[in-house]
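# Secondary and tertiary structure notes
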Amino acid sequence: MTYPIRPIDESQWPAFALVLEEGFGWRPNPAQNERYKAETEFDRTLAVFDGDLIAGVTSIYSLTMTVPGGQLPVAGVTAVSVLPSHRRRGMLSSLMRRQLSDIRERGESVAALYTSEASIYGRYGYGRASTSLSFRFRKPGGTPFVANAPSDPSLRLRVAKPADVRADLEKVFASVVARRPGRYERNARYWDGVLADEEADQGGAGPLRSVLAEDDGGVRGYALFRIKSSWDADGIPDGEVRLQELEAADPAAYALLWRSVLDRDLVSRVEAGARPVDDPLLALLADPRQARAGWTDELWVRLVEVGAALAARSYSAPVDAVIEVEDDVCPWNARRWRLTAGPAGAECAPVDDRPDVTLPVASLGSAYLGDGMLTEHLAAGLVREHSPGALRSLATAMSWSPRPWAGLTF
Ligand SMILES: CC(C)(COP(=O)(O)OP(=O)(O)OC[C@H]1O[C@@H](n2cnc3c(N)ncnc32)[C@H](O)[C@@H]1OP(=O)(O)O)[C@@H](O)C(=O)NCCC(=O)NCCS
């Protein structure tokens, strides 16, 4: 049975929101509900209907995302849900196909998403494209840094309520967003979300707090965090810092902010979720083992228009290869492409030449932001190499430093 798919307008928000509430098993409070509604780009919503009933939904945020060597409009797929009464009837699949075709029509060549369960989106051509680490410090007080860690006597720390220093936070973030693939620009709505500080987001750890690193010229970095204060049964302080964000325009401000997070009175644990895999903190710590790390997949990326997407980023090394792409979901990509690229730019055009490599489109998505997944995929037997060394050259050219990381769920 096929179910019709249509965008919704604002008047249908309650039915759209209900599908999200039921799918995710949660209930936003009225303020959250209003915020999500205000964030929704109604012209980019899709709903699948069973008669008059909205049974499945998805939406898109129009992001400006950093990619290797520049920034691109990227479709940030979000709000994917199907009513529990209608699951496993193919509704997600039909929404995904329609959404990819809409993205293409709009002229965006790349889509990205965060996934609730990592096994869902590979079938639609999304590949795991970035990783984040969560650090856990036990007894962090005075965790030593390497002897040559930067310090700048002109820097000082300022404690402030985050909402009172929003302009400073926005300024610092704007100065770092283009430095790392995967980061995306935050408009006022995203900042509203970061600073909303709903009780439901506090996880029992109290209000969002901030500390700024600044000098006479202005702010150079910030940390956003919560503190769960407690004492153990023996009366020993046992507080916990939960770091939400730490951004700095320069290394000295970065080091100072981490010192302030790791060295607070009455704190015996620091939890820093969602950090990049190449976090400079690991180089600053004299004993990096102190940062016990867990990892998780982060962004999943889908090349919607392979030729345009591959031509839109920079490459770490010269490469000239014919890539045969397999793509059942977006058949316009399923052909051979010659990628001629290097640090100065790239061209990618359809050709009929003999392929050097054959890849599923999800493997290209995995490598797109620079995370060097292609050699993993070769070793795992997921991609095929026809010209010896061609895959390694492509993998080297597509890899990028710093490694990709978004740092904030959308
Ligand atoms: C995930 C969800 C959207 C799937 O919707 P659905 O309409 O049941 O999915 P479909 O019937 O179109 O299934 C398509 C395929 O995905 C698979 N699939 C669906 N949900 C899956 C899941 N959670 N994990 C792994 N595979 C899943 C199906 O088995 C099916 O596989 P097939 O193509 O091999 O037959 C739905 O179960 C849901 O709303 N879950 C809760 C909210 C959620 O996690 N949303 C995703 C946010 S990123």
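In the nomenclature of an unreviewed UniProt entry, the chain corresponds to GNAT family N-acetyltransferase from the organism Nonomuraea longispora. In its Sequence similarities (unreviewed entry) section, the UniProt record describing the chain reads: "Belongs to the acetyltransferase Eis family." Comment text from UniProt for the chain, heading Subunit (unreviewed entry), reads "Homohexamer; trimer of dimers."

### Re helix α7 (residues 251-262)
End to end, α7 covers 16 Å across 12 residues, agreeing with the expected 16 Å (1.5 Å per residue, within 8%). Counting buried positions along α7 yields 9 of 12 residues, so the element is predominantly enclosed. Within α7 the residues assigned to the buried category are Ala252, Ala253, Tyr254, Ala255, Leu257, Trp258, Ser260, Val261 and Leu262. N-capping of α7 is provided by Asp250, with a side-chain oxygen placed 3.3 Å from the backbone N of Ala252.

### Side note on the sheet that holds strand β19 (residues 384-385)
As summarised here, the arrangement of the 5 strands in space is β17-β16-β15-β18-β19, forming an open sheet in which the pairing is mixed. Where the open sheet ends on each side, the last strands, each with one partner, are β17 (345-351) and β19. By the bridge criterion, 4 bridges tie strand β15 (residues 319-326) to strand β18 (residues 357-360) in an arrangement that is parallel. Residue pairing in the sheet places Glu326 in a bridge with Pro360 of β18. Of the strands in this sheet, β15 and β18 are in contact with helix α10 (residues 361-368), which crosses β18 at around 90°. The sheet strands contacting helix α12 (residues 390-398) are β15, β16 (336-342), β18 and β19, and the helix crosses β18 at an angle near 55°.

### Details of unusual backbone geometry
Cis geometry is found at the peptide bond from Ser401 to Pro402, where omega equals 0°. Take Pro402: it is sitting in the segment after α12. With phi around 70°, Leu266 is a residue other than glycine that occupies positive phi space. With respect to the helices and strands, the residue Leu266 is situated in the loop between α7 and β12 (267-276). For Ala274, which is not glycine, the phi dihedral falls at a positive 55°. Mapping Ala274 onto the fold places it in strand β12.

### Remarks on the nonpolar core
Counting 45 residues, the largest nonpolar core has Leu303, Leu310, Leu339, Leu359, Tyr368, Leu394 and Phe410 as its most contacted members. The greatest single-element share of this core, amounting to 6 residues, is contributed by α12. Three or more residues apiece are contributed to this core by two domains, here domain 1 (5-108) and domain 3 (306-398). Beyond its immediate chain neighbours, meaning those up to four positions away, Leu394 contacts Val319, Ile323, Leu339, Val357, Leu359 and Leu374. Among the nonpolar cores identified, the runner-up in size contains 30 residues, and Phe225, Ala248, Ala253 and Tyr254 belong to it.

### A few points about the sheet that holds strand β13 (residues 292-297)
With respect to topology, 7 strands assemble into an open sheet ordered β8-β9-β10-β11-β12-β7-β13, the strand pairing being mixed. In this open sheet, the two edge strands, each paired with only one partner strand, are β8 (156-160) and β13. Each neighbouring strand pair of the sheet contributes to a mean axis angle of 25°, computed without reference to strand direction. Strand direction decides the pairing type here: strand β7 (residues 131-138) and β13, joined by 6 bridges, are antiparallel. Pairing of Arg136 across the sheet is with Arg292, part of β13.

### Observations concerning the UniProt feature "binding site: acetyl-CoA" (unreviewed entry) in the chain
In the numbering adopted here, UniProt assigns the feature "binding site: acetyl-CoA" (unreviewed entry) to Val80, Ser81, Val82, Arg88, Arg89, Gly90, Met91, Leu92, Ser93, Ser116 and Glu117. Following the sequence through the fold, Gly90 ends up in the loop between β4 (70-82) and α3 (91-106). Given the relative accessible area of 40%, Gly90 is considered partly exposed. Excluding its chain neighbours within four sequence positions, the residues that come into contact with Met91 are Tyr3, Val48, Ala55, Val82 and His86.

### Thoughts on the packing of helix α2 (residues 30-39) against helix α5 (residues 188-196)
Orientation of α2 relative to α5, taken along the N-to-C sense of each, is 160°, at an axis distance of 10 Å. Considering their axes alone, α2 and α5 lie roughly antiparallel with respect to each other. Relative to α5, the crossing made by α2 is left-handed. Contact residues: Arg35, Ala38 and Glu39 in α2; Arg189, Asp192, Gly193 and Ala196 in α5. For the contact of α2 with α5, a count of residues per class yields 2 nonpolar, 1 polar and 4 charged.

Parameters at a glance
Residues numbered from 1 in each chain as written. Predicted model: local features only at pLDDT ≥ 70, side-chain atom pairs only at ≥ 80, totals over all residues. Heavy atoms only, no water. UniProt positions renumbered as here; feature names shortened; annotations may be inferred. Helix = DSSP H or I, 4+ residues; strand = E, 2+ residues; numbered from the N terminus. Expected span 1.5 Å × (residues − 1). Buried < 20%, exposed > 50% of the residue type's maximum accessible area, 1.4 Å probe, protein only. Polar contact = N/O pair within 3.5 Å; in protein donor to acceptor, adjacent residues only side chain to side chain. Pairing = 2+ DSSP bridges. Contact = heavy atoms within 4.5 Å. Axes fitted to C-alpha atoms, helices over the stretch in contact; angles between N-to-C directions. Core = buried A, V, L, I, M, F, W, Y, C linked by side-chain atoms within 4.5 Å. Domains from an automatic or database assignment. Parallel < 35°, antiparallel > 145°, perpendicular 65-115°, else oblique. Left-handed = near helix turned anticlockwise from the far one by under 90°. Nonpolar A, V, L, I, M, F, W, Y, C, P; charged D, E, K, R; others polar.

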